Amino acid sequence: MSYTIEVRIELKKGVIDAEGETVKKSLNLLGYRIKDVNTVRIYAIKVEAGSENDAVEEINEACKRLLANPVIQNYSVTVK
Amino acid sequence: MSYTIEVRIELKKGVIDAEGETVKKSLNLLGYRIKDVNTVRIYAIKVEAGSENDAVEEINEACKRLLANPVIQNYSVTVK
Amino acid sequence: MPDVCVLLIEGTNCEEETRRAFESVGLEAELVHLKQLTGDCKRGRRKNLFDYRVLMLPGGWSAGDYVRAGAIFAARIKSRLREDIKEFVESGNLVGGICNGFQILTEMGLLPAFDGMSEAPVACLTNNLSSSFQCRPTYIKHVGSCLFTGGIEKDRVMQIPVAHAEGRFTFGERDRELLRDLTDNKQIVFRYCMENGDEAGGVFPWNPNGSLYDIAGICNPEGNVLGMMPHPERVIDVIQESDWTRNPGRDYGDGRMLFESVAEYLKKI
Amino acid sequence: MSLYREITDRVYEINLLDSSDEEMESMSRDRSLGLNLKELRKIKKHFKGEGRNPSDVELEAFAQSWSEHCCYKTSKPILDESVFKTKAPQNICVISEDAGVVDFNEDYAYVVALESHNHPSALDPYGGAATGIGGILRDVVCMGAQPVALVDPLFFGPLDYDYKKIPEGVKHPEFLFKGVVSGIAAYGNRVGIPTIAGMVEFDESYVGNCLVNVGCVGIVRKEDIIHSRAGYKGDVYILAGGKTGRDGIHGVTFASAELDEGSEEKDIPAVQLGYAIMKEPLMHACLEANKKKLLTGLKDFGGGGLSCVSAEMAHSGGKGAIVYLDKIPLKEEGLDPWEIWVSESQERMMLTVKPENVERVLEIFDFWDVPAVVVGEIDDSSRIKVTYKGVTVLDLDLDFLLKGVVYERPYRFVEREYKDVDFRMPDLKESCLRILGSQRVGSKAPVVRRYDHEVRGNTVIKPMQGIVNKQSHGDAAVIKPLDDSFQGLSITTDVNPHFCKLDPYWGAASAVEEVVRNLVSVNSLPHSMADCLNFGNPEKEDRLGDFKKCCEGLYFAASSFRLPFVSGNVSFYNESASGAVAPTPSILGIGMVRDVRKCVTSDLKREGNALYLVGETGREMGASEYYRVLGLAGGKVPRVYPERVMKGMDSLLDLMDSSRIRACHDLSTGGLFVALAEMCFGGDLGARVDLQGMGDLRSDFKLFSESNGRWLVEVREKDSQAVVEELNALRVGEVNRDKTLDLADGGNRISLDLEELRVKWMNAIEGEE
Ligand SMILES: Nc1ncnc2c1ncn2[C@@H]1O[C@H](COP(=O)(O)OP(=O)(O)O)[C@@H](O)[C@H]1O
Ligand SMILES: [Mg+2]
């Protein structure tokens with residue numbers, strides 16, 4: 001079976017978001033009253049697996065191995 | 001009032017997602033049976049505005065002016 | 001008054017070599033921060049765009065190239081100087097963009113500018129097919145002429161390096177249709193090719209980014225706005241080329257031709 | 001009285017005077033100070049003399065300044081006897097500051113710095129490596145110099161390391177490798193300084209602790225050289241750049257301890273975060289203010305943050321200082337005063353400025369949108385004082401704080417096994433392919449192409465050389481730093497940690513020699529070096545023994561070649577559960593190029609030319625790539641014979657100056673075979689080579705020995721006479737247009753298809769070129 005899983009990766013609190021900071025500054029310069037910008041990355045992954053559980057487990061493992069760094073990022077996995 | 005708005009930016013159908021392809025390739029090399037990866041960018045924006053409507057409108061405009069390029073990207077705006 | 005305004009903001013980083021390239025062909029070029037044109041600085045530092053004849057957007061990572069390469073610089077210019085820039089272009093002055101500069105011009109709607117400067121971008125320089133930054137020499141062919149390249153022969157093959165992560169030119173869903181317009185208007189100036197001038201055919205590494213129709217540089221229909229991904233300012237002298245130890249005996253690098261063309265054009269008018 | 005008493009808002013007096021040894025130790029542990037009992041007692045005694053207790057801010061100051069990272073307390077006695085002793089006439093200001101300053105020509109000097117960013121990169125490869133680049137750039141800028149080149153020697157576990165064998169909390173080498181390379185690219189490319197040289201080595205010992213060394217070279221007009229010391233009494237301290245936050249707190253104490261399983265969670269604050277887009281204008285602004293002669297001193301914020309920077313600047317200037325903590329711009333509210341004092345937030349510089357120039361300096365920073373504020377004053381008290389909300393929270397004698405501690409720790413050298421095993425020669429062709437396809441030897445293009453190595457337009461010899469889209473490894477890159485001169489600087493980085501692991505002394509000496517060979521290969525005279533010494537825990541005797549041996553080897557080679565070490569860095573505690581990293585003294589070498597138009601590259605130029613081997617080949621197979629792929633231990637590590645090498649070097653440089661050398665490549669990992677193959681790749685030409693003249697070594701040893709002191713050169717037939725006479729070189733073959741590499745040694749003959757070799761070599765490290 002094939003499942004679509006979304007991995008959402010965010011920076012932990014206290015970690016500077018260089019891109020977010022820059023976007024905020026630029027939007028301010030364009031005249032918007034923006035107080036804060038956080039960037040989030042999403043990977044929408046189509047995976048082949050025996051069951052939904054297997055699929056989620058597999059993607060969780062992939063996150064740990066490749067997609068996210070637990071030192072600075074939080075990630076969550078949802079089935080779509 | 002301050003509102004938190006999420007802007008979700010995705011590539012249009014038919015536009016090659018080079019980053020997604022690369023992630024897919026590396027996941028396949030690690031042995032995962034991934035069939036497709038799409039990357040999505042989210043900006044979580046805190047904005048000062050008179051009303052929720054104003055906030056949404058303002059961010060919609062910011063998307064047009066800066067955050068999304070209509071040639072290759074679609075965007076959607078949601079209030080959190 | 002200097003001829004060339006080399007415009008920068010934080011993160012622009014090829015301004016010095018761009019200035020040097022113009023000076024090596026006898027033009028006077030000046031580094032100008034966007035603030036100096038918008039007036040957001042001390043009086044003594046302010047500058048006027050209309051004092052120059054060429055506006056040059058150099059390479060680099062303006063504002064970190066966050067969001068999309070060049071997008072922030074473009075939005076900032078547009079929000080403060082849109083009318084000035086429009087007038088500057090329409091009165092026939094030259095506007096050039098190299099690498100990040102090309103991305104900025106495209107995001108600003110100054111290229112391809114089928115019917116003048118467009119409100120929204122019509123094309124995009126998006127991430128390389130390899131999805132990685134590529135710093136490497138490439139060959140490009142001069143397939144059409146504009147005011148920046150009047151002195152370069154037609155079909156001349158030039159060795160010019162690229163260094164970018166987002167250089168794949170595309171019109172998105174309208175690739176086919178708008179490519180035809182681009183060709184009909186003779187707006188394609190440079191295409192990636194093989195050493196002998198044969199088509200790169202989209203194939204890496206000859207085409208380093210997967211660009212539509214091997215497009216490396218385009219101009220507006222009037223020919224006074226040019227954007228290109230490769231860096232001619234990095235190969236003014238032969239010793240800056242990638243394989244010069246194999247071909248001794250020349251002094252100049254291929255990039256100089258472009259700056260010479262500009263100098264000649266400015267002399268004529 | 002209890003241990004803590006609040007003096008003012010969130011500042012505490014710590015009752016050291018009434019504390020027992022155990023209480024002091026547990027306090028040091030609880031606060032992650034990294035101070036040991038001996039040091040704590042010394043501090044206690046000092047405060048007894050002052051008749052009071054220290055504040056928490058003061059104790060934190062000691063923790064910073066007395067950390068191994070900041071004061072070199074273990075390495076200094078050994079370095080004093082070795083690396084620090086290499087003197088040379090070209091030195092202008094060496095060892096004493098953040099970067100070494102060396103004579104370039106009458107008007108200009110060049111500046112060199114090399115540093116490690118190992119522990120942060122092991123935790124967050126992208127951010128750790130990026131901030132490494134940021135830090136090393138600041139080290140060069142704070143001498144008043146314009147950075148012109150970056151380098152990055154990198155060391156990882158094997159990329160194909162079994163995922164299941166990775167210990168808990170450790171990241172896979174491939175994740176680290178990709179993250180580090182993207183981090184360096186992201187930062188270096190953004191600030192617009194070309195990354196032009198480096199290396200990537202692989203060994204299992206790096207699995208738990210990768211090494212990320214970064215170096216920078218800059219150029220400065222001699223009259224613009226500025227020092228990292230406070231100028232005059234009455235000058236003010238201006239802090240310029242990013243705001244101060246909780247990032248990087250206790251970075252130095254973290255660098256001065258081993259990584260462990262919990263590091264991943266607990267050391268988050270120690271990870272620093274870079275912001276390249278702040279650094280780029282910060283660099284412009286500092287250099288502009290310095291050029292206008294508005295500064296009296298300039299230093300970057302490195303390890304130890306504000307604490308180290310303000311104390312060291314005042315001390316080096318023979319002055320004192322007062323700093324007002326509440327003037328420091330903060331990223332977030334609620335930072336404790338001690339946190340502000342030690343935070344290692346990135347992108348910050350400290351300036352000393354005469355009062356009458358303050359306004360002009362602030363205007364320059366404002367123009368570049370870089371925040372800058374006055375945060376203190378210079379006095380002549382020989383003390384550093386800090387106030388917070390009007391209360392003095394730190395008042396310390398600078399001599400005591402900064403001349404703190406030095407140790408003579410015990411060491412022991414562990415003998416290794418050097419006996420050569422006997423074995424039958426395996427299939428040569430098979431060995432050739434395995435070596436070319438190994439990660440150590442294979443093409444580094446997947447790394448080199450990620451970095452902009454020609455921004456600024458001054459890179460005249462690139463890291464990859466030869467025909468466009470066929471390019472192959474060069475030995476060194478060359479920068480032409482001045483517009484109006486053809487003089488250049490050649491730049492390379494080297495060390496073979498496999499050699500050092502088996503034989504620290506000769507391994508370290510070999511690293512210096514390889515630097516020399518690489519610099520000579522492009523036609524430059526070796527001129528200076530910087531070192532970054534990466535070792536395990538020096539409190540373990542065998543680790544310190546290796547360290548000492550390496551330093552001796554470095555000193556032997558450097559002094560024999562009359563090459564100075566002009567700056568450097570020591571990184572200890574590179575260990576993980578599975579042991580210490582291989583001893584890794586990485587070296588950044590700089591050569592002087594008289595005329596860049598005479599530079600030589602490694603790619604073969606033309607069919608019909610002759611190939612000559614310079615130097616002698618011996619059975620020095622210890623830690624060779626050949627033994628590694630065969631799984632063989634033991635063997636002799638290559639020796640260094642400086643006299644011989646210098647003779648070869650002089651003749652080679654003469655021949656190059658008269659344009660009689662068409663291509664040159666030094667022989668290193670993989671020996672003659674790899675050098676030959678790489679030269680063929682770059683020129684897209686074949687070669688026919690006969691090894692018989694090399695004497696009675698076995699064919700495989702001739703091909704794969706990694707003996708030092710050797711180069712392979714290409715010359716035109718008409719110049720071959722001169723090459724034989726002046727270089728005493730051995731003719732080994734000719735260049736041809738066939739796409740094969742034909743090797744013969746008596747009856748042993750193999751023919752290798754160039755494209756087959758190239759594909760192996762290109763794909764050794766996964767990733768698009
Ligand atoms: N991490 C890196 N960063 C930049 N350049 C690198 C890196 N690794 C290798 N290179 C470059 O690739 C080329 C080949 O590297 P290497 O085989 O290590 O050279 P050598 O053995 O002669 O020192 C050199 O020009 C080197 O500077
Ligand atoms: Mg070499």
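The structure we're discussing is the one just above.
Reading the values: rules and limits
Residues numbered from 1 in each chain as written. Chains lettered and ligands numbered in written order. Predicted model: local features only at pLDDT ≥ 70, side-chain atom pairs only at ≥ 80, totals over all residues. Heavy atoms only, no water. Helix = DSSP H or I, 4+ residues; strand = E, 2+ residues; numbered from the N terminus. Rg over C-alpha atoms; globule rule 2.2 N^0.38 Å. Contact = heavy atoms within 4.5 Å. Buried area = accessible area lost by both parts, 1.4 Å probe. Salt bridge = Lys/Arg side-chain N within 4 Å of Asp/Glu carboxyl O. Polar contact = N/O pair within 3.5 Å; in protein donor to acceptor, adjacent residues only side chain to side chain. Nonpolar A, V, L, I, M, F, W, Y, C, P; charged D, E, K, R; others polar. Buried < 20%, exposed > 50% of the residue type's maximum accessible area, 1.4 Å probe, protein only. Right-handed = clockwise from strand over helix to strand, strands pointing away.

A. Expanded view of the overall build of chain A. Looking only at helices and strands, one finds 2 helices and 3 strands in chain A. In chain A, the succession of helices and strands from N to C terminus is β-α-β-α-β. Rg of the C-alpha trace for chain A: 16 Å, well past the compact-globule value of 12 Å for 80 residues, more than 25% over. Overall size of chain A, expressed as C-alpha extent along the three principal axes, is 50 × 25 × 15 Å.

B. Representation of the interface of chain A and chain C in the model. Contacts between the two partners involve 8 residues from chain A, matched on the other side by 8 residues from chain C. Contact between chain A and chain C buries roughly 650 Å² in total, counting both sides, with carbon and sulfur atoms accounting for 72%. On the chain A side of the interface with chain C, the three residues burying the most area are A:Glu19, A:Thr22 and A:Leu30, jointly 52% of the side's total. Taken together, chain A and chain C are joined by 1 salt bridge. For A:Lys25, the salt bridge goes to C:Glu10, with nearest N and O atoms at 3.3 Å. Here chain A is connected to chain C by 2 residue pairs in polar contact (both at pLDDT 80 or more). For the side of chain A that touches chain C, the per-class residue count stands at 4 nonpolar, 2 polar and 2 charged.

C. How the structure looks around the pairing of strand β7 (residues 195-202) of chain D. Counting buried positions along β7(D) yields 7 of 8 residues, so the element is predominantly enclosed. Assessed by its sense of winding, the connection that carries the chain from strand β6 (residues 146-156) of chain D through helix α8 (residues 173-191) of chain D to β7(D) is right-handed.

D. Spatial organisation of the pattern of salt bridges. On inspection of all chains with the given rule, the structure shows 97 salt bridges over all chains. Measuring nitrogen to oxygen at the nearest pair gives 3.5 Å for the salt bridge that ties C:Lys47 to C:Glu30. Of this pair, C:Lys47 sits in the loop between α2 (34-38) and β3 (54-57) while C:Glu30 sits in strand β2 (residues 29-33), and the two are 17 residues apart along the sequence. Residue class for C:Lys47 comes out partly exposed when judged on its relative accessible area of 29%. C:Glu30 gets classed as partly exposed once you look at its relative accessible area, which sits at 22%. The residue D:Arg440 makes a salt bridge to D:Glu201 at a minimum N-O spacing of 2.9 Å. Residue D:Arg440 is located in the loop between α16 (428-436) and α17 (445-448), and its partner D:Glu201 is located in strand β7; the two are separated by 239 residues in the primary sequence. Per residue, the accessibility class of D:Arg440 equals that of D:Glu201, and both read buried.

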